[in-house]
Amino acid sequence: MAINKPFQAYQNNAVNTATGGELTLMLYNGCLKFIKHAQKDIQDKNMEAKNTNIQKAQAIIQELMLTLDQEVDISQQILPLYDYMYHRLMEANIKNDVAILEEIQGFVVEFRDTWKQVIQKTRQMQYTQGEHV
């Protein structure tokens, strides 16, 4: 148990010092982790763990929905996709359907990779602007 404390402290520090963009990236990665666990749980016929992991993925999607800035035009396009993903996760949970989880995993990977590019470009712009000051 004592071995985990430094790692927990590191994780807490990473979350507490992360920018909004980095937190969103962490949410996408967490969602992917829970979807992958749920896929394995279905294969292993561990329905209790599958249910828990899918519900955790759904909670992350809900958080992403709640944190969308509705004043930004793209949010109006993203919200229905998040809603679709949330309901498909519910369906995957009811039907024990790995194919649905794979579909949602693909969406989350696309969102995560796009978000990662946005963060990189933003950092690049900030660095470039900092050089000229």
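You'll find the structure just up there.
Quick summary incoming for the structure in this document. Computed from a predicted structure; not experimentally measured.

### Regarding the overall build of the protein
Each helix and strand counted, the protein has five helices and zero strands in total. Reading the protein from its N terminus to its C terminus gives the helix and strand order α-α-α-α-α. Across the 133 residues that make up the protein, the buried fraction comes to 32%. Across the protein, every contact between residues at least 6 apart in sequence was considered, and the portion connecting residues at least 24 apart equals 61%. Counting only carbon and sulfur atoms, one obtains 55% of the accessible surface of the protein, whose full area is about 9,000 Å².

### Comments concerning helix 4 (residues 73–95)
Its 23 residues give helix 4 an end-to-end C-alpha distance of 35 Å, which sits within 8% of 33 Å, the value for a rise of 1.5 Å per residue. Listed as buried for helix 4 are Ser75, Ile78, Tyr82, Met85, Tyr86, Arg88, Leu89, Ala92 and Asn93.

### Notes on the pattern of salt bridges
The tally for this structure, following the rule as stated, stands at six salt bridges. One salt bridge connects Asp44 with Lys40, and the closest N-O pair in it is separated by 2.6 Å. Judged by its relative accessible area of 46%, Lys40 is partly exposed. Several salt bridges converge on common partners, so that one network encompasses Arg88, Glu91, Lys95 and Glu103.

### Observations concerning the packing of helix 3 (residues 47–66) against helix 4
Running from N to C, helix 3 and helix 4 cross one another at 170°; their axes reach a closest spacing of 10 Å. As the angle between them shows, helix 3 and helix 4 are arranged roughly antiparallel. The residues of helix 4 that touch helix 3, namely those facing Lys50, Asn51, Ile54, Gln55, Ala57, Gln58, Ile61, Gln62, Leu64 and Met65, are Leu79, Tyr82, Asp83, Met85, Tyr86, Leu89, Met90, Ala92 and Asn93. Across the contact of helix 3 with helix 4, the residue classes tally to twelve nonpolar, five polar and two charged.

### Regarding the packing of aromatic side chains
Within a pair of aromatic rings, the relevant descriptors are the distance that separates the centres and the angle that separates the planes. Under the definition given, this model contains three aromatic pairs. Ring geometry for Tyr28 against Phe111: centres 6.0 Å apart, planes inclined by 10°, an arrangement best described as stacked. With Tyr28 in helix 2 (residues 20–43) and Phe111 in helix 5 (residues 98–131), the pair connects residues that are 83 residues apart, well separated along the chain. The class of Phe111 is buried, set by a relative accessible area of 14%. On the numbers, 5.1 Å between centres and 50° between planes, the contact of Tyr82 with Phe111 is tilted. On the criterion of sequence distance, the pair formed by Tyr82 in helix 4 and Phe111 in helix 5 is long-range, its members being 29 residues apart. According to the relative accessible area criterion, Tyr82 is buried, its value standing at 3%. Following the ring pairs from residue to residue traces out a cluster consisting of Tyr28, Tyr82 and Phe111.

Thresholds, definitions, all that
- Residues numbered from 1 in each chain as written.
- Predicted model: local features only at pLDDT ≥ 70, side-chain atom pairs only at ≥ 80, totals over all residues.
- Heavy atoms only, no water.
- Helix = DSSP H or I, 4+ residues; strand = E, 2+ residues; numbered from the N terminus.
- Buried < 20%, exposed > 50% of the residue type's maximum accessible area, 1.4 Å probe, protein only.
- Contact = heavy atoms within 4.5 Å.
- Areas by Shrake-Rupley, 256 points an atom, 1.4 Å probe, with all protein chains shown as cover.
- Expected span 1.5 Å × (residues − 1).
- Salt bridge = Lys/Arg side-chain N within 4 Å of Asp/Glu carboxyl O.
- Axes fitted to C-alpha atoms, helices over the stretch in contact; angles between N-to-C directions.
- Parallel < 35°, antiparallel > 145°, perpendicular 65-115°, else oblique.
- Nonpolar A, V, L, I, M, F, W, Y, C, P; charged D, E, K, R; others polar.
- Phe/Tyr/Trp six-rings, centres within 6.5 Å; stacked < 30°, edge-to-face > 60°.

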